[in-house]
Amino acid sequence: MASRPSDRPIIELSNVSKTFGDGQRTVVAIENVNLDIQPGEFVTLIGPSGCGKSTLFNIVAGLLDAEGSIRFGGKPHNGCDLLGKVAFMPQKDLLLPWRRVIDNAILPLQVEGMSRRQARAMADELFGEFGLAGFENHYPHQLSGGMRQRVALMRTFLFKRDLMLLDEPFGALDALTRMMMQRWLLDIWQRHNRTILFITHDVDEAIFLGDRVVVMTARPGSIKINRKIDLGRPRGAEITTSREFLEIKKELLAAVEEESMKSFRIAQQVP
Ligand code: ADP
Ligand code: MG
């Protein structure tokens, strides 16, 4: 599904910057990031390790304050307001080992004040779709890596918000599981009509999933490339060997490699 036209972006970042530190030793993590996301879009964000991707996510999720302007649905927002607009899946799955799968999935709904019974009823409908039917009462350690990621994704889906932020959700999975999860996620995204900003360090994954791929520079991270991906949908594995795909990949890989080299040099300079 291509991105749907709309009057205004779900989120607009203008000159968003973030500096960490106490004045003595500061790190400029991101600098003048400009990015818009339209309703229904699947935007993938890629960049070298340490370039500020997770920092940007934390800012969009309202967990970190920042300089610059952030507008949500056309309205200006301060950091705290964002918490109610965004469903956020952090880089680590953060499932609670002592909670059953279903109780992990409904955690944000309970935190919001929904009763356990009502939250469980909402979650029940999704187990089949998320490939977790029959595992409702298991504990996280009894699941495979792919299943744990699906529980974390289900939790993010259940917490219905205008924008879903996924921080390298498939980073720790083996290549085959990862491919299956990518196709599955596209299917879920289309059927549930969601808007997604997805971090990855894998160029193939970024192109395969995205309506748009955004490449970040080395730290301080800013937007280097904002590339529309006109590959049509639905997308199957065969698309990854098509001429169009490989041409886009060549272009984006060159940009990511250039920034990774810079990142490497920066890392060598820092004691
Ligand atoms: P990425 O997700 O792209 O790998 P991060 O956003 O995690 O990068 O980090 C960007 C930079 O900001 C790094 O240099 C990192 O060390 C620094 N950084 C991130 N979070 C903090 C923090 N809470 N305090 C100080 N420095 C931080
Ligand atoms: Mg990160």
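Look above for the structure.
Residues numbered from 1 in each chain as written. Chains lettered and ligands numbered in written order. Predicted model: local features only at pLDDT ≥ 70, side-chain atom pairs only at ≥ 80, totals over all residues. Heavy atoms only, no water.

## A look at the sheet that holds strand β6 (residues 86-89)
The pairing of strands in a sheet happens through backbone hydrogen bonds and is either parallel or antiparallel. One open sheet accounts for 6 strands, arranged β6-β7-β8-β3-β9-β10; its pairing is mixed. Each edge of the open sheet carries a strand with a single partner, namely β6 and β10 (223-228). Each neighbouring strand pair of the sheet contributes to a mean axis angle of 15°, computed without reference to strand direction. The pairing of strand β3 (residues 42-46) with strand β8 (residues 196-200) spans 5 bridges and is classified as parallel. By the bridge assignment, Val43 is partnered in β8 with Leu197. Contacts from helix α6 (residues 145-158) reach β6 and β7 (163-167) within the one sheet, and its direction differs from that of β6 by about 170°. (Pairing = 2+ DSSP bridges. Helix = DSSP H or I, 4+ residues; strand = E, 2+ residues; numbered from the N terminus. Axes fitted to C-alpha atoms, helices over the stretch in contact; angles between N-to-C directions. Contact = heavy atoms within 4.5 Å.)

## Structural notes on the nonpolar core
Among the nonpolar cores identified, the biggest contains 53 residues, and Phe130, Leu153, Met154, Leu185 and Ile207 are the most heavily contacted of them. A per-element tally of this core places α6 first, with 7 residues. Sequence-distant contacts of Leu153, defined by excluding residues within four places in its chain, comprise Met89, Phe130, Leu166, Phe170, Met181, Trp184 and Leu185. (Core = buried A, V, L, I, M, F, W, Y, C linked by side-chain atoms within 4.5 Å. Buried < 20%, exposed > 50% of the residue type's maximum accessible area, 1.4 Å probe, protein only.)

## Regarding the site of ligand 1
Near ligand 1, the surroundings consist of Phe20, Val27, Ala29, Pro48, Ser49, Gly50, Cys51, Gly52, Lys53, Ser54, Thr55 and Arg219. Residue Lys53 places a main-chain N or O atom 2.9 Å away from an oxygen atom belonging to ligand 1. Arg219 places a polar side-chain atom, nitrogen or oxygen, 3.1 Å from an oxygen atom of ligand 1. Taking 560 Å² as the accessible area of ligand 1 by itself, protein coverage stands at 59%. The element contributing the most residues to the shell around ligand 1 is helix α1 (residues 53-60), with 3 residues. Among the residues forming the shell around ligand 1, the class breakdown is 5 nonpolar, 5 polar and 2 charged. (Near = heavy atom within 4 Å. Polar contact = N/O pair within 3.5 Å; in protein donor to acceptor, adjacent residues only side chain to side chain. Areas by Shrake-Rupley, 256 points an atom, 1.4 Å probe, with all protein chains shown as cover. Nonpolar A, V, L, I, M, F, W, Y, C, P; charged D, E, K, R; others polar.)

## A look at the pairing of β7
Within β7, 5 of the 5 residues are buried, which leaves the element mostly enclosed by the surrounding structure. Along β7, one buried face is formed by Leu163, Leu165 and Asp167 and the opposite face, lined by Met164 and Leu166, is buried too. Both β6 and β7 contribute to a ladder of 4 bridges, which runs parallel. Among the inter-strand pairings, Ala87 is bridged to a residue of β7, identified as Met164. Pairing of β7 with β8, which is carried by 4 bridges, proceeds in the parallel orientation. The partner of Met164 across the bridge, within β8, is Ile196. Regarding the hand of the β-α-β motif, the stretch spanning β7, helix α7 (residues 175-192) and β8 is right-handed. (Right-handed = clockwise from strand over helix to strand, strands pointing away.)

## Things to note about the pattern of salt bridges
A side chain of one charge can pair with a side chain of the opposite charge if their charged atoms are brought near each other. Within the structure shown, the criterion is met by 17 salt bridges. Across the salt bridge formed by Glu112 and Arg161, the nearest N and O atoms sit 2.4 Å from each other. In this pair, Glu112 sits in the loop between α4 (107-111) and α5 (116-124) while Arg161 sits in the loop between α6 and β7, placing the two residues 49 residues apart along the sequence. Judged by relative accessible area, Glu112 falls into the partly exposed class, the value being 48%. The class for Arg161 is buried, based on a relative accessible area of 18%. (Salt bridge = Lys/Arg side-chain N within 4 Å of Asp/Glu carboxyl O.)

## Some words on the sheet that holds strand β5 (residues 75-76)
Reading across the sheet, the 4 strands line up as β2-β1-β4-β5 and stay open at both edges, with antiparallel pairing between neighbours. Edge positions in the sheet fall to β2 (26-37) and β5, since each has one partner strand and no second. Here strand β4 (residues 67-72) runs beside β5; their pairing, made up of 2 bridges, is antiparallel. Paired with Arg71 across the strands is Pro76, a residue of β5. In the packing of α1 onto the sheet, the strands contacted are β1 (11-21), β2 and β4, and the crossing angle to β1 comes to about 115°.

Distances and angles like these do not, on their own, reveal function.
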